[in-house]
Amino acid sequence: GAPDTRTPTGAETGVPKIAKGQQGAYLTTANGARLRDTDHSLKAGPRGPVLLQDHHLREKITHFDHERIPERVVHARGAGAHGTFVANGAAEKVTRAGFLKQGRETPVFVRFSTVLGSRGSADTVRDTRGFATKFYTDEGTFDLVGNNMPVFFIQDAIKFPDVIHAGKPHPDREIPQAQSAHDTFWDFVSLHTEAQHHTIWNMSDRGIPRSYRTMEGFGVHTFRLVDEAGATVLAKFHWKPKLGVHSLTWEEAQMISGMDPDFHRRDLYDAIEAGAFPEWELGIQVFPDTPEETFAGIDLLDPTKIVPEELAPVQAIGTLTLNKTPRNFFAETEQVAFHVGHLPPGIDVTNDPLMQGRLFSYVDTQLTRLGGPNFTQIPINRPHADVNDMLRDGFHQHAVHAGVAPYRPNSLDGGNPFPAGDREHAFVDTPVTVAEAPKVRAAPASFDDHYSQVRLFWQSMSPVEKEHIIRAYTFELGKCYHQAIKERQLQCLANVDPVLCEQVATGLGLPVPQPTVPLAEVQPSPALSQVGREWPAD
Ligand code: HEM
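Residue positions within a chain follow its written sequence, with the count starting from 1. Owing to the predicted nature of the model, reporting of local features is limited to residues with pLDDT of at least 70; listing and counting of side-chain atom pairs is limited to 80 or more, with chain, interface and lining totals taken over all residues.

K.L.:
Any details on the overall build of the chain? Residues and values, ideally.
P.N.:
Scanning the chain from N- to C-terminus turns up 12 helices and 12 strands. A compact globule built from 538 residues should have a C-alpha radius of gyration of about 24 Å, and the chain, at 26 Å, falls within 12% of that. Once the C-alpha set of the chain is aligned to its principal axes, its extents read approximately 80 × 70 × 50 Å. Buried residues in the chain amount to 37% of all 538 residues. For the purpose of contact definition, each residue receives a C-beta atom placed from its backbone, and two residues are in contact when these atoms lie within 7 Å. Taking all contacts inside the chain whose residues are at least 6 apart in sequence as the whole, residues at least 24 apart take part in 71%. Secondary structure elements are defined from DSSP: runs of H or I of at least 4 residues count as helices, runs of E of at least 2 residues count as strands, and each element is numbered from the N terminus. Both definitions apply: the radius of gyration is a C-alpha atom measure, and the globule rule equals 2.2 Å times residues to the power 0.38. The burial criterion counts other C-beta atoms lying within 10 Å of a residue's C-beta, which is placed from the backbone; the residue is buried at 20 or more, exposed at 12 or fewer, and partly exposed between these limits.

K.L.:
Summarise the pairing of strand S3 (residues 129–137); cite the residues concerned and give the values.
P.N.:
The side chains of a regular strand alternate, residue by residue, between the two faces of the sheet. Within S3, 9 of the 9 residues are buried, which leaves it mostly tucked inside the rest of the structure. The alternating pattern of S3 places Arg129, Phe131, Thr133, Phe135 and Thr137 on one face and Gly130, Ala132, Lys134 and Tyr136 on the opposite face, and all of these are buried. Between S3 and the antiparallel strand that follows it, strand S4 (residues 140–147), lie 2 residues. Following DSSP output, two strands are said to pair if at least two bridges run between them.

K.L.:
Summarise helix H11 (residues 483–494); cite the residues concerned and give the values.
P.N.:
With 12 residues, H11 extends 16 Å from end C-alpha to end C-alpha; this agrees with the ideal 16 Å at 1.5 Å per step. Listed in full, the buried residues belonging to H11 are Ile485, Lys486, Gln489, Leu490, Cys492, Leu493 and Ala494. The elements touched by buried residues of H11 are helix H3 (183–191), helix H4 (196–203), helix H10 (463–477) and helix H12 (498–508). An expected span of 1.5 Å times one less than the residue number is assigned to each helix.

K.L.:
Account for the packing of helix H2 (residues 160–167) against H3, with residues named and values stated.
P.N.:
Contact geometry for H2 and H3: axes closest at 7 Å, N-to-C directions at 140°. Across the interface between the two elements, Asp162, Val163, Ala166 and Gly167 from H2 touch Thr184, Phe185, Asp187 and Phe188 from H3. Three residue categories are used. Nonpolar comprises Ala, Val, Leu, Ile, Met, Phe, Trp, Tyr, Cys and Pro, charged comprises Asp, Glu, Lys and Arg, and polar comprises the others, including Gly. Residues that form the contact of H2 with H3 fall into these classes: 4 nonpolar, 2 polar and 2 charged. Under this scheme, a helix contributes an axis fitted over its contacting stretch, all axes are lines through C-alpha atoms, and angles between N-to-C directions fall in the 0 to 180 degree range.

K.L.:
Give me the pairing of strand S7 (residues 232–241): which residues, what numbers.
P.N.:
Among the 10 residues that make up S7, 8 are buried, leaving the element largely enclosed by the rest of the structure. Direction of pairing for strand S6 (residues 223–226) relative to S7: antiparallel, over a ladder of 4 bridges. Bridge pairing in S7 places Arg224 opposite Leu234. Two elements, S7 and strand S8 (residues 279–288), share 9 bridges in a ladder whose sense is antiparallel. Within S8, the position partnered with Phe237 by the bridge is Ile284.

K.L.:
Could you give an account of H10, with specific residues and numbers?
P.N.:
Compared with the 21 Å implied by 1.5 Å per residue over 15 residues, the 21 Å span of H10 between its first and last C-alpha is a close match. Taken as a whole, H10 has its buried residues at His468, Ile469, Ile470, Ala472, Tyr473, Glu476 and Leu477. Where H10 is buried, its residues meet H3, H4, helix H5 (250–259), H11 and H12.

K.L.:
Describe the environment of Val314, listing the residues and the values that go with them.
P.N.:
Tracing the backbone through its elements, the reader meets Val314 in the loop between strand S10 (298–299) and strand S11 (315–324). Measuring from C-alpha to C-alpha, the distance between Val314 and Gln22 comes to 47 Å, with 292 residues separating the pair along the chain. Beyond its immediate chain neighbours, meaning those up to four positions away, Val314 contacts His238, Gly283, Ile284, Gln285 and Glu309.

K.L.:
Report on the site of the ligand, specifying residues and quantitative values.
P.N.:
In the region of the ligand, 28 residues are neighbours, and His75, Arg111, Gly130, Val220 and Ser361 sit closest. Where the shell around the ligand is concerned, the elements lending two or more residues are strand S2 (105–114), S3, S4 and helix H8 (353–369). The element best represented in the shell around the ligand is H8, accounting for 8 residues. Among the residues forming the shell around the ligand, the class breakdown is 14 nonpolar, 10 polar and 4 charged. Should the C-beta atom of a residue, placed from the backbone, lie within 6 Å of a molecule or strand, that residue is near it.

K.L.:
Break down the environment of Val226 for me, citing the residues and quoting the values.
P.N.:
If you trace the backbone, Val226 turns up in strand S6. On the neighbour-count criterion, Val226 (23 C-beta atoms within 10 Å) is buried. Taking C-alpha positions, Val226 is 36 Å from Val189, a pair spaced 37 residues apart along the chain. Other than its neighbours up to four places away in sequence, Val226 contacts Thr95, Arg96, Thr232, Gly346, Asp348 and Thr430.

K.L.:
Outline unusual backbone geometry, supporting the account with residue identities and numerical values.
P.N.:
Put simply, Arg408 and Pro409 share a cis peptide bond, and its omega is -10°. Position of Pro409 among the secondary structure elements: in the loop between H8 and helix H9 (452–459). Backbone geometry places His396, a non-glycine residue, at a positive phi of 60°. Mapped onto the elements of the fold, His396 is located in the loop between H8 and H9.

K.L.:
Give me the packing of H4 against H9: which residues, what numbers.
P.N.:
Angle between the axes and distance between the axes: these two values describe a pair of packed helices. At a minimum axis distance of 8 Å, the contact between H4 and H9 shows a crossing angle of 20°. One way to sum up the angle between H4 and H9 is to call them roughly parallel. Between H4 and H9 lies a crossing whose hand is right-handed. Taking contact as the criterion, the partners of Gln196, His197, Ile200 and Trp201 in H4 are, on H9, Gln453, Val454, Phe457 and Trp458. When grouped by side-chain class, the residues that make up the contact of H4 with H9 number 5 nonpolar, 3 polar and no charged. The labels follow the angle: roughly parallel below 35 degrees, roughly antiparallel above 145, roughly perpendicular from 65 to 115, and oblique for the rest. Each crossing gets its handedness from the near helix: less than a right angle anticlockwise from the far helix is left-handed, clockwise is right-handed.

Okay, structure coming up:
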């Protein structure tokens, strides 16, 4: 599209933003003075020492010395693309969000990522993948910051630093990069057994996607949608790739890691450049907003649980097409800043304790990563809606604010920022009733069931998929140094399924433990393994 030529406050300048820094035919200093030579420093004679007065040398080296910014504390490795989202109008029934109205087209930027590896790590490791989408809606930016798995390791954000510390490389020898092959990871997930559900997804073929283009995406948390009249429903977001869900085999993934560690980012870039634009259908599962916040006995605030699609079908609400590669990786893919709290009117949060912590964490980390509080002015992060805030000054301030009175109301700057009828357009926090209860550090009893959905997942797998899962557990646990950790994880598998446990124990040469929880029979659900595999014909 045409270059964006507006200032951060939305005023038209006519000057393309991104071009600044590379205009004109001649090489210049950062201040625009033309240069004649950039290959020789200024010396006292051709063999002499270099002079401190060489302003070009100092500018060039100083800027280079400060080129790096911290990589993301998680999801450091990623690839992004621009595209559009077109709504089909099906969501109009349940949300007033303007960008979900029929036919509405919204520009988007998507960043896919691995979670645990550093910026330079390989793409095809066994790991969860991030699937973060920025919708530049005209009612403010909406970020759907999801993953390619519908559940998360933990139920409360207070454990997030812990689970990431357990998954990142060991502090002493800084190995390995892959998620699952070390003692701390298996120590954590076998002690914090709510992680067993996410872990079996990681050990399944979902942990090694063939391509970003063939991944599903999930908002994971339950959101609250609000319609024009203020009525609410609870909802979960799903992305379904039109190419279907496909994975690598473990052998392929390992070989590609060595031969082409950039496999996934190359695939995304090449596909878009070739005009094979990847597409996803965005869908929602919708649940009544009851005081219990449960559906079919499943606690909708527990991010380690899914709601099977047989119980609540995913209804398509629009289509995402990625059709443009970034012009500059750093400016776009690296500097993009997603935040779970970027919500347009019509989409609100719930009390999911994982989501609540995320609402704090993203801006907090970006303050460091992007060097201060003005990163919404970086081109990739600029809202396409008008911005008229009372935030002022700070490092890297690019806006030149007009007016003298950044407070409301005021009697100097004029204008009424809250005109009558504005409630129709403004974000209004849903007046959810908060239960009268003592302050406690505790979780509800419904969060205690850590195994029945792991069993559901296992039972929904085909024989080949089960074989892959057994081999993945055996391979990854085989990398642990501590036998006690392997034995504790086998105990967890005994609580999932006797065959799974027995096969992995045999592979590890360890005894088969007995379950410590009743193995209630979950209704086998063969359809579950097909979910998302095939996009149904129209
Ligand atoms: C980054 C997803 C839980 C903290 C990300 C990214 C994704 C993501 C996709 C990469 C964003 C990008 O591409 O720039 C998720 C999902 C979660 C989850 C789906 C659970 C359902 C959490 C929790 C916390 C957290 C509980 C902290 C309490 C972070 C941080 C970053 C991040 C600090 C780096 C952000 C940045 O530097 O810009 N997450 N995350 N995440 N996440 Fe999460």
